[in-house]
Amino acid sequence: MKNLSGVILLLMIGVFSLNAQTQKNTIKGEISAGAKPVEAATVSLVAAKDSAVVKVEVTNKSGRFEIASAKQGTFLLLISAVGFEKQYKGPFIFGNTQADIDAGYITLQAIAKDLKAVVVTAKKPLIEQKIDKLVVNVDAAPTNAGATAMEVLEKSPGISVDNDGNISLKGKAGVIVMMDGKPTYLSAADLANLLKNTAASSIDQIEIMTQPSSKYDAAGNAGIINIKTKKSLKSGLNGSVTAGGSIGLLSKGDVVYATARSQNSLNFNYRKNKINIFGNYNPNFNKGRNELTINRNFYNPDGSISSKTDMSTSFKGRNNNHSVKLGADYFIDKKNVVGVVFTGFGFFGNPNPSTITSIYNPDGSVQSGLYSTTANNMKFLNYTANVNYKHTFDSTGKEFSADIDYVKYDNVSDMLLTTYPRDYSDKLGDPVLLKGHLPSDINIYSVKADYTHPLKGDAKFEAGIKSTLVKNDNTVDYARDAGEGWIPDARSNHFLYEENINAAYINLGKKFNDKWSGQVGLRAENTNTKGKQVINDSSFTRHYTNLFPTAFVSYAVDKNNQLTLSYSRRVNRPNYQDLNPFTFFLDSLTYKKGNPYLLPQFTHSIELSHNLKGKYIFSVNYSRTTDVISEIIRQNTDEKIIFATTENISTFRNMGLSITAPFKWAPWFNTNVFANLYNNHYKGMYNAEPIDLSYTAYMVNVTNSFTITKGFSAELSGFYRSKSVNQLLVIDPMYQMSIGLQKSLLKDKATLRLNFRDPFGWQKFGGVSRYGDVDVTIRNRWDTRQISASLTYRFGKNTIAPSRKRATGVSDEINRAGQAN
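Residues numbered from 1 in each chain as written. Predicted model: local features only at pLDDT ≥ 70, side-chain atom pairs only at ≥ 80, totals over all residues. Heavy atoms only, no water.

**Student:** Would you mind going over the overall build of the protein chain in detail, with residue names and values included?
**Tutor:** Assigned secondary structure in the protein chain consists of five helices and 47 strands. Classification of the 821 residues of the protein chain by burial places 53% in the buried group. A sequence separation of at least 24 residues applies to 68% of the contacts in the protein chain between residues at least 6 apart. Put simply, the protein chain shows about 34800 Å² of open surface, and 59% of that area lies on carbon and sulfur atoms. (Helix = DSSP H or I, 4+ residues; strand = E, 2+ residues; numbered from the N terminus. Buried < 20%, exposed > 50% of the residue type's maximum accessible area, 1.4 Å probe, protein only. Contact = heavy atoms within 4.5 Å. Areas by Shrake-Rupley, 256 points an atom, 1.4 Å probe, with all protein chains shown as cover.)

**Student:** Requested: an account of the environment of Val-136, with residues and values cited.
**Tutor:** Residue placement: Val-136 occurs in strand S10 (residues 134-137). On a C-alpha basis, the gap between Val-136 and Ile-208 in space is 8.2 Å, while along the polypeptide they are 72 residues apart.

**Student:** So what about the side chain of Asn-680? Which residues, and what values?
**Tutor:** Assignment of secondary structure puts Asn-680 in strand S38 (residues 669-686). Overall, Asn-680 belongs to the buried group, its relative accessible area being 1%. A distance of 2.7 Å separates the side chain of Asn-680 from the side chain of Asn-654, its partner in a polar contact. In this structure the side chain of Asn-680 is engaged in a polar contact, spanning 3.2 Å, whose partner is the backbone oxygen of Val-725. (Polar contact = N/O pair within 3.5 Å; in protein donor to acceptor, adjacent residues only side chain to side chain.)

**Student:** Go over the pattern of salt bridges, please, and point to the residues and values.
**Tutor:** Inspection of the entire model under this criterion finds 18 salt bridges. The partner of Asp-441 in a salt bridge is Lys-408, with the nearest N and O atoms 2.6 Å apart. In this pair, Asp-441 is assigned in strand S26 (residues 432-455) and Lys-408 in strand S25 (residues 399-422), connecting sequence segments 33 residues apart. Of the charged contacts in the structure, one is a salt bridge between Arg-634 and Glu-647, with a shortest N-O distance of 2.8 Å. Linking Arg-634 in strand S36 (residues 616-636) with Glu-647 in strand S37 (residues 641-666), this pair joins segments that are 13 residues apart in sequence. (Salt bridge = Lys/Arg side-chain N within 4 Å of Asp/Glu carboxyl O.)

**Student:** Any details on the confidence of the model for the protein chain? Residues and values, ideally.
**Tutor:** Per-residue confidence for the protein chain gives a mean pLDDT of 83; residues scoring 70 or more make up 87%. For residues 1-22, every residue scores under 50 in pLDDT, and the model assigns this stretch 41 contacts once sequence neighbours within four places are set aside. Across residues 799-803, where pLDDT falls below 50, the model places 18 contacts with residues more than four positions away in sequence or in other chains. (pLDDT = per-residue confidence, 0-100.)

**Student:** Could you give me a rundown of the side chain of Ser-769, with the residues and numbers involved?
**Tutor:** Residue position: Ser-769 is located in strand S45 (residues 765-771). Within polar-contact distance, the side chain of Ser-769 engages the backbone oxygen of Leu-728 at 3.3 Å. Among residues more than four places away in sequence, those in contact with Ser-769 are Ile-633, Leu-728, Leu-729, Val-774, Asp-775 and Val-776.

**Student:** Help me get a handle on the pairing of strand S39 (residues 689-709), residues and values and all.
**Tutor:** Note: S38 against S39, 18 bridges, orientation antiparallel. Looking across to S39, one finds that Asn-670 is bridged to Ser-705. Where S38 hands over to S39, the hairpin turn is made up of two residues, of which Asn-687 adopts a positive phi near 50°. Examined bridge by bridge, S39 and strand S40 (residues 712-721) share 10 bridges and lie antiparallel to one another. From the neighbouring strand, Phe-706 faces S40, where its bridge partner is Ala-714. The loop that links S39 with its antiparallel partner S40 comprises two residues; one of these, Gly-711, has a positive phi angle of about 80°. (Pairing = 2+ DSSP bridges.)

**Student:** Outline unusual backbone geometry, supporting the account with residue identities and numerical values.
**Tutor:** In this structure, Pro-91 follows Gly-90 across a cis peptide bond, with omega equal to 5°. Structurally, Pro-91 can be placed in strand S7 (residues 87-94).

**Student:** Which residues make up the packing of aromatic side chains, and what values do they have?
**Tutor:** The description of an aromatic ring pair rests on the distance of the ring centres and on the angle between the ring planes. A complete count under the given rule lists 25 aromatic pairs for this structure. Pairing Phe-345 with Phe-380 gives two aromatic rings, centres 5.8 Å apart and planes at 75°, and the pair type is edge-to-face. Taken as a pair, Phe-345 in strand S22 (residues 336-349) and Phe-380 in strand S24 (residues 366-392) lie far apart in primary sequence, 35 residues in all. Each of the two residues, Phe-345 as well as Phe-380, counts as buried. Measuring from centroid to centroid gives 6.3 Å for Phe-548 and Phe-602, while their planes differ by 15°, and the two rings are stacked. Placement of the pair is Phe-548 in strand S31 (residues 538-558) and Phe-602 in strand S35 (residues 601-612), with a sequence separation of 54 residues. Taken individually, Phe-548 and Phe-602 each receive the classification buried, so the pair is uniform in this respect. In this structure an aromatic cluster arises from ring pairing among Tyr-616, Phe-663, Trp-665, Trp-668, Phe-669 and Phe-706. (Phe/Tyr/Trp six-rings, centres within 6.5 Å; stacked < 30°, edge-to-face > 60°.)

**Student:** Explain the layout of surface pockets residue by residue, including any values.
**Tutor:** Approximately 350 Å³ is the volume found for the second largest pocket. In this structure, the second largest pocket is lined by Lys-28, Gly-29, Glu-30, Arg-64, Phe-65, Glu-66, Asp-102, Gly-104, Tyr-105, Asn-560, Lys-613 and Lys-615. Among the secondary structure elements, those contributing two or more residues to the lining of the second largest pocket are strand S1 (25-33), strand S5 (64-69) and strand S8 (100-107). Among the residues making up the lining of the second largest pocket, the classes are represented as two nonpolar, three polar and seven charged. (1 Å grid on protein atoms, 1.4 Å probe; cavity = no way out; pocket = protein on both sides within 12 Å on 5 of 7 lines; lining within 4 Å. Points joined across faces, edges and corners; volume = space filled by probe spheres on them. Nonpolar A, V, L, I, M, F, W, Y, C, P; charged D, E, K, R; others polar.)

**Student:** Got a sec to walk through the pairing of strand S17 (residues 236-252)? Specific residues and values, please.
**Tutor:** Pairing of S17 with strand S19 (residues 265-272) involves seven bridges; the strand directions are antiparallel. Residue pairing in the sheet places Val-241 in a bridge with Leu-266 of S19. Bridge count for S17 against strand S47 (residues 785-796) is 12 bridges, and the pairing is antiparallel. The partner of Gly-248 across the bridge, within S47, is Gln-786. Bridge count for S17 against strand S18 (residues 255-262) is eight bridges, and the pairing is antiparallel.

**Student:** So what about the sheet that holds strand S3 (residues 42-47)? Which residues, and what values?
**Tutor:** Strands sit in the order S4-S3-S6-S7 across an open sheet of four strands; the sheet is antiparallel. The open sheet has two edge strands, strand S4 (53-58) and S7, and neither has a second partner. Geometrically, the sheet is characterised by an average inter-axis angle of 20° between neighbouring strands, direction not taken into account. Bridging between S3 and strand S6 (residues 73-80) involves six bridges; their strand directions are antiparallel. Among the inter-strand pairings, Val-43 is bridged to a residue of S6, identified as Ile-79. (Axes fitted to C-alpha atoms, helices over the stretch in contact; angles between N-to-C directions.)

**Student:** Describe the environment of Ser-354, and please don't skip the residues or the numbers.
**Tutor:** As for its position among the elements, Ser-354 is in strand S23 (residues 354-360). Between the C-alpha atoms of Ser-354 and Thr-373, which are 19 residues apart in sequence, the distance is 4.3 Å. Beyond its immediate stretch of four places on either side in the chain, Ser-354 contacts Ser-312, Thr-313, Ser-314, Tyr-371, Ser-372 and Thr-373.

**Student:** Can you lay out the environment of Ala-714 for me, pointing to particular residues and giving the numbers?
**Tutor:** As for its position among the elements, Ala-714 is in strand S40. Its relative accessible area of 13% is what places Ala-714 among the buried residues. Between the C-alpha atom of Ala-714 and that of Ile-739, which follows or precedes it by 25 residues, the distance is 7.6 Å. Residues within four places of Ala-714 in sequence aside, it is in contact with Asn-704, Ser-705, Phe-706, Ile-708, Gly-740 and Leu-741.

Have a look at this one:
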């Protein structure tokens, strides 16, 4: 693959020898009022920074327009017509690799007789396909009412979520999830916990990037998902307040359990003269329930079954969580701006699982069993601070920006595991107690700087540097009581981990003529790590430097067809909790253990995409990953114990075909479809035995949007994922449907949303792991059936002002700190 990456880079660099010509970008769309097209509407392309008019066109009899411009930058569309309110649409970015943009369908509102001010009411589409990413506008879907960030991700195009909250993109694990351009530094478990407790009402957009450029951290072999929280573009004081709640249902036999959660948020923005102040606050609670079963077969050396175990766990509990964000931008002058952002998240919960484990003889008779309960008291606190500066040299796009970040995670978990032995008659014995105090402290420091320099002949040069230092201090203090008082447990531990990553990158992009454009980049990352287990005095130190090339070539076949070929090399480092060698218990026979000797995994990825008419996207992708970080199951057959751990045990090959297509069946009926057909192939060794798992699978996401009357819309959406393989687990099909209604109230100042999520209770998780001596079947059901309602009220001015969009320097590190539950 090293030779292959070198050949691809040479080919793509060779493209830059073509003669440079100016390429015009085009933007098109359709203007209507209700179900009728608006003829002779004036459509102006204006610069976002100063509202200067770049070009003006008029719609035809069908309400269609098309504007061509050779200028680069960020623009808005201003639409005006006699008898209708003026309306803005955008922003749209004309970059050095941009071709055609479809602004979609824009609906104008008739001017009310008592109208005293111009109000901007452009409605965003649910899904926007841009040249380098796919964007999901969260508020555009009524079925997102009452949902969490995890549930919104789960139904987004190409994204799938497994039983433990691990996120995959187009069938590939190893996705980096960012919040407002910043890494979350979280383990998969903690990240899942954060997303499950983040209200969808606080999210503006989700950006999905399968092939990020060298400007981004090289982490994440499957790509990057950036969750953007709400921040207003409007001048003056404005914002919104949302209050909502959900009732969930979970059936277990003849019993139906009810659950509940709230969805509340406050968003505000104050922009005046040189100052912009913004923030949000989201106080919520969640009372949930989950039913998990694990069936295991244990084998004799001759291959016959020696025993079976059935484990049934009921999770129930309540948590309260609060998230807050407060920031300010100060525009020193037209060329300089400085900003600060503070965020915080607090989770306070008491998940209390109870487990019944039965051990059977081969003939099905009961041998023995266990009954256990766990009382948990968990506190999860996260604070971040960012200081940023940006200098714009001139109007050509030449600029310099810098960020300084500090991130802190302060997590404490106290648990008491009580285990009762059971004999064949189900009689309980004397309990054995295990209590644990598990504090975790993570501190992250980061500084980065980026420079952009437009060149002659439609070219652009980018460069940047970044340095990050992570300090991780974890303790687990266990004590055991078997009826004779508390004594220290040998599984207590203290683990210290420190990591420093220094990176630098360059990017060069160019438009050569009306047909060809391209971009090449190279990122270098130097990694230095050291870890120490204090109690047994063992340690390790690693130093390595890697290069991560990226390359893009785009060819415009004609006005309606554009081909893009891209290549990247990426890395996925172990998250901090996977490196932690501690033991975390589900019950006395089932636990999870970290691995401090994990190595990073590396991926080569190639993607060819075809953009048809700026709307239909067809892509073919291929990737190969070495030293795959895989969660595996190991077991002790004699003691009937199984535990999950993480190891580098296999290579992974993924290839797939995906299609993104919007359809407008009628002025009141739109459909967005995403379909992905892919094959995953894992090869490796387990206990000196070969592993060879391959499966061809598909997934389909469909969203149907209906305009019932003015201000009243509905949505019918769902997804289906076929049987597939993820790491060493073969996963059963999973599917779900949601129904949503949305009604505008109080002259469009308020929105009422109702959502029926998974009304038939279809969604559930199932999977099988069979390799070596492992034979495990997993089944999980949770309160997916949700009835939600929310009311959002918007206050303040609605006149658009240009916003400053920026990302800070801590994205990969925040992801790797994660700890999902």
